4 protein chains.
Amino acid sequence: MPDENGETQTARAAQAERTAFTEKAILDAAEAVFARRGLAGTRVREIAEATGLNGATLYNYYPSKSALYEAVLERGVKPLVDLLETFSAGPRELETTRALVAEVMCHLAGHPNFSRLIYLEAMAEGPYLSTLARKWFRPLMERIIGELKDSPEPLDLEDGMLPLVAALFIHASFGHFALAPLLHETLDTDPVSTEGIERQTRFIDTLILKMFPLLARKAEASTPEGVDD
Amino acid sequence: MPDENGETQTARAAQAERTAFTEKAILDAAEAVFARRGLAGTRVREIAEATGLNGATLYNYYPSKSALYEAVLERGVKPLVDLLETFSAGPRELETTRALVAEVMCHLAGHPNFSRLIYLEAMAEGPYLSTLARKWFRPLMERIIGELKDSPEPLDLEDGMLPLVAALFIHASFGHFALAPLLHETLDTDPVSTEGIERQTRFIDTLILKMFPLLARKAEASTPEGVDD
Amino acid sequence: MPDENGETQTARAAQAERTAFTEKAILDAAEAVFARRGLAGTRVREIAEATGLNGATLYNYYPSKSALYEAVLERGVKPLVDLLETFSAGPRELETTRALVAEVMCHLAGHPNFSRLIYLEAMAEGPYLSTLARKWFRPLMERIIGELKDSPEPLDLEDGMLPLVAALFIHASFGHFALAPLLHETLDTDPVSTEGIERQTRFIDTLILKMFPLLARKAEASTPEGVDD
Amino acid sequence: MPDENGETQTARAAQAERTAFTEKAILDAAEAVFARRGLAGTRVREIAEATGLNGATLYNYYPSKSALYEAVLERGVKPLVDLLETFSAGPRELETTRALVAEVMCHLAGHPNFSRLIYLEAMAEGPYLSTLARKWFRPLMERIIGELKDSPEPLDLEDGMLPLVAALFIHASFGHFALAPLLHETLDTDPVSTEGIERQTRFIDTLILKMFPLLARKAEASTPEGVDD
DNA sequence: GATGAATGAGCCTTCATTCAT
DNA sequence: AATGAATGAAGGCTCATTCAT
């Protein structure tokens, strides 16, 4: 009965799609709520309501609140790790760094809650901190530090200050999203609007150029028409 | 009966002192716990245990968990507001800004939990956000922005990017403390050790000088003995 | 798929029935406990245990202890209000009054806790007192007073004593149930046994006849077969 | 040193007086609060505040909340028991009963909370119920029943209804005070005002006369000018 | 897969009671 | 005698989680 099989298969596919859809909806809702209240402060029902489901239904997808939390963290960290791997193949020069920053900002634009999530986790000194450090933060920092070290134009900084420069870029990118609610409340513009994100991206770019004037001049020379990427 | 009165008064003073001592202990413990878990994630018993008191005793000092939270916020914000007012009397020039940054860093060094506390609160989008913005963040931002505007050496930045510069200093100072656990886990040194704080302070100073090269040179000239540490 | 729908509907009906059953069980248990201890003196767990449920489950049915209390009051008052409305259509004469008393006693017999509940509430001077007065007590009093006023045989009482006569009937009916535990402890018979209630009902009836001797004689005349039990 | 002794004695007397004064204040406040909320529903601090004392101070006078409660009950019951003993010496006739009712109402007028207190206790089926029945309620009922039994004019009631007549007097006297808040809310006059109490007393008196018409006529004859007591 | 009902654990808060002063 | 501080024991209510349907 190939027909039946066909139907069954089609039905299965449809079901799988629905499941995947629901799962993504849950992750999205969870990310948003976790980003605001943290793991301990978040109530499962909040996530369920934000997803439009009954609280008990979540347990058909994730065995516990913390498992869901880990899934959210994992989903958020993975593309950044991938991004970094992609870049680690390329050359280590100013242009690459600028592009990396742009890419990171672009990714964060699509996941505006993620920064808050990891800031929260970073501050909580909780059980996920070391994982977070190992999988996400350390590679990112090392990548940036490595780039700075290899730079032909040496920064005239004390020894041991390179990590601080790297951290500055973290602050300026992730911190921009993390503090967004406060910035929004204070300033007139929304930091996570498309315009706000683009402006911050350009600002970081300018910052880089200000810190590496020689390189900047060289870069400028090699692209006389301007790099409006 | 002067003796009796005297004794009574002494006893009262002693009692008042003990009360004040306990109150400070509660605030300190609460600040530490709130800074890690946030308002929603903190359990009153945690604070009580950290203070060495019974949970019920806290309610002799503060009528509710959120009232205690507000008191902690208030106590943390006040000295910064005062600091700002002190500086607002002084001249608006590069040296002042550098000094302000140093002072802020110095204050945060003494209250390493405060940065995390307000980052948490900023991200929670809770009911204290607007108060925090009005009383603490807005004045600080305006002060910095004003200083940048009045600067004789114009930053060659797009319009509307001044707030981002100001925010950068926030990120680099408050963010340094907020992300300290993660930085510590990743790097080899403790960011909130005396050395770590001093290094970050010098780093921000360097950053300022890099952004205002003209002013920097002038400042250097006017202080022939050199304060380059 | 009529079958499936049918099953679903049956299942839903069954569920609804179970829910209604549980709700009634909760109200019954709550009524009994509230009648003994009052709102403030009652512990939610007592009600839960009396219902055979976990304390938390009650909150699936009523959002708070006081909401449950209000529901109990409401359920108790409603049939009495309805009873009064039924009677308000009938003629205002002695027989009607006697019948009303009998009906009220009969109702109270089925809800022996209700009298205690409202006595408790009446004495507590709490927030429900005015509602209780408006919805239940005032109409009842007015009904009785009206009947007495319209009576062809005027009671030879001072002006303004009519309410006291009405109140006397309240005392004799509701008070009988309210004081039942004490009466039981003191006398040999149980006041809320069928016999005890019937006896008190006959007693009130006798009381009425004693207060209206003329009417009593007339009533007796018009019912030659005699209903003297 | 007789002087010193004298002074000491005076001081002691003054102190004793102050103590007695405070103790009475506590009992009064406790009676009022217990009458509204019952033992379980009353908070010690409420009583303390009503007395103008600190909660802990009460424990210098009574070892526990329930001990205070018992003292309040005891104080309320005793004068009624005494009253009954006084009357038990006198003759058992209509006039005596009328006088007893008047005396009871007069006593209750001075302790308007007491009725509520014992109604509350009667309904709670608590541990004090049997004591209350034995010491206060049973003697009172027996006294009234005895009087009715000895009456030369037999009430034409079924057997076993005598206790109900006795209970009716309880309802009409104690119940008047117990339901006072509800009656006040419903009617225009305050049942526990001097006027309200006098009126209810006269009403009960009338009720007695209505139930014993022969006796009433006889009584009337022997006091031609009327008994405006 | 989805849900309402149920529950044990735990949270914030209150309360009766004790104690040092 | 009087009080503020302290506490163990609840008390009301919430929450993560389970289960029957």
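What counts as what
Residues numbered from 1 in each chain as written. Chains lettered and ligands numbered in written order. Predicted model: local features only at pLDDT ≥ 70, side-chain atom pairs only at ≥ 80, totals over all residues. Heavy atoms only, no water. Helix = DSSP H or I, 4+ residues; strand = E, 2+ residues; numbered from the N terminus. Buried < 20%, exposed > 50% of the residue type's maximum accessible area, 1.4 Å probe, protein only. Contact = heavy atoms within 4.5 Å. Areas by Shrake-Rupley, 256 points an atom, 1.4 Å probe, with all protein chains shown as cover. Least-squares fit on C-alpha atoms with pLDDT ≥ 70 in both. Buried area = accessible area lost by both parts, 1.4 Å probe. Salt bridge = Lys/Arg side-chain N within 4 Å of Asp/Glu carboxyl O. Polar contact = N/O pair within 3.5 Å; in protein donor to acceptor, adjacent residues only side chain to side chain. Nonpolar A, V, L, I, M, F, W, Y, C, P; charged D, E, K, R; others polar. Core = buried A, V, L, I, M, F, W, Y, C linked by side-chain atoms within 4.5 Å. Axes fitted to C-alpha atoms, helices over the stretch in contact; angles between N-to-C directions. Parallel < 35°, antiparallel > 145°, perpendicular 65-115°, else oblique.

A. Region of interest: the overall build of chain A. Scanning chain A from N- to C-terminus turns up 10 helices and 0 strands. Going from N to C terminus, chain A has its helices and strands arranged as α-α-α-α-α-α-α-α-α-α. Burial statistics for chain A: of 229 residues in total, 48% are counted as buried. Excluding contacts between residues fewer than 6 apart, the proportion of contacts in chain A whose partners are at least 24 apart in sequence is 70%. In the form shown here, chain A has an accessible surface area of approximately 11,400 Å², with 53% of it arising from carbon and sulfur atoms.

B. Inspection of the relation of the copies chain B and chain A at higher detail. Each copy superposes on the other: chain B lies on chain A with an RMSD of 0.2 Å after a rotation of 180 degrees and an axial shift of 0.0 Å. One copy is carried onto the other by what is essentially a two-fold rotation axis. Closest approach to the rotation axis within chain B is made by the C-alpha atom of G41 of chain B, at a distance of 2.2 Å.

C. A look at the interface of chain B and chain A. Listed by partner, the interface residues are 51 residues for chain B and 51 residues for chain A. Summed over both partners, the interface of chain B with chain A buries about 4,900 Å², with 73% contributed by carbon and sulfur atoms. Area buried by chain B at its contact with chain A is led by M123, H171 and F203 of chain B, which between them contribute 14% of it. Across the contact surface, chain B and chain A share 4 salt bridges. Scanning the region where chain B abuts chain A turns up 10 residue pairs in polar contact (both at pLDDT 80 or more). The set of elements that each furnish at least two residues to the side of chain B that touches chain A consists of α1 (2-41), α5 (112-124), α6 (129-150), α7 (162-178), α8 (180-186) and α9 (194-211) of chain B. The element that contributes the greatest number of residues to the side of chain B that touches chain A is α7 of chain B, accounting for 11 residues. Of the residues that constitute the side of chain B that touches chain A, the class distribution is 31 nonpolar, 9 polar and 11 charged.

D. Local environment of the nonpolar core. One finds L68, W136 and F174 of chain A together with W136 and F174 of chain B to be the most contacted residues of the largest nonpolar core, which totals 143 residues. The element contributing the most residues to this core is helix α7 (residues 162-178) of chain A, with 12 residues. Leave out the neighbours within four places in its chain, and W136 of chain A touches V77, L80, I118, T131 and F174 of chain A together with L182 of chain B. Residues L117, Y119 and L183 of chain C together with A133 of chain D belong to the second largest nonpolar core, which totals 141 residues.

E. How the structure looks around the packing of helix α7 (residues 162-178) of chain C against helix α7 (residues 162-178) of chain D. With their axes 9 Å apart at the nearest point, α7 of chain C and α7 of chain D run at an angle of 100 degrees to one another. One way to sum up the angle between α7 of chain C and α7 of chain D is to call them roughly perpendicular. Residue-level contacts link L168, H171, A172, G175 and H176 of chain C of α7 of chain C to L168, H171, A172, G175 and H176 of chain D of α7 of chain D. Residue composition of the contact of α7 of chain C with α7 of chain D, grouped by class: 4 nonpolar, 6 polar and no charged.

F. Main features of the interface of chain C and chain D. Opposite the 51 residues of chain C that make contact, chain D presents 51 residues. With both chains or domains summed, chain C and chain D bury close to 4,900 Å², and 73% of this area falls on carbon and sulfur atoms. Taken together, the links from chain C to chain D amount to 4 salt bridges. Summed over the shared surface of chain C and chain D, the number is 10 residue pairs in polar contact (both at pLDDT 80 or more). Elements with a contribution of two residues or more to the side of chain C that touches chain D: α1 (2-41), α5 (112-124), α6 (129-150), α7, α8 (180-186) and α9 (194-211) of chain C. It is α7 of chain C that provides the largest number of residues to the side of chain C that touches chain D, a total of 11 residues. Class assignment for the residues of the side of chain C that touches chain D results in 31 nonpolar, 9 polar and 11 charged.

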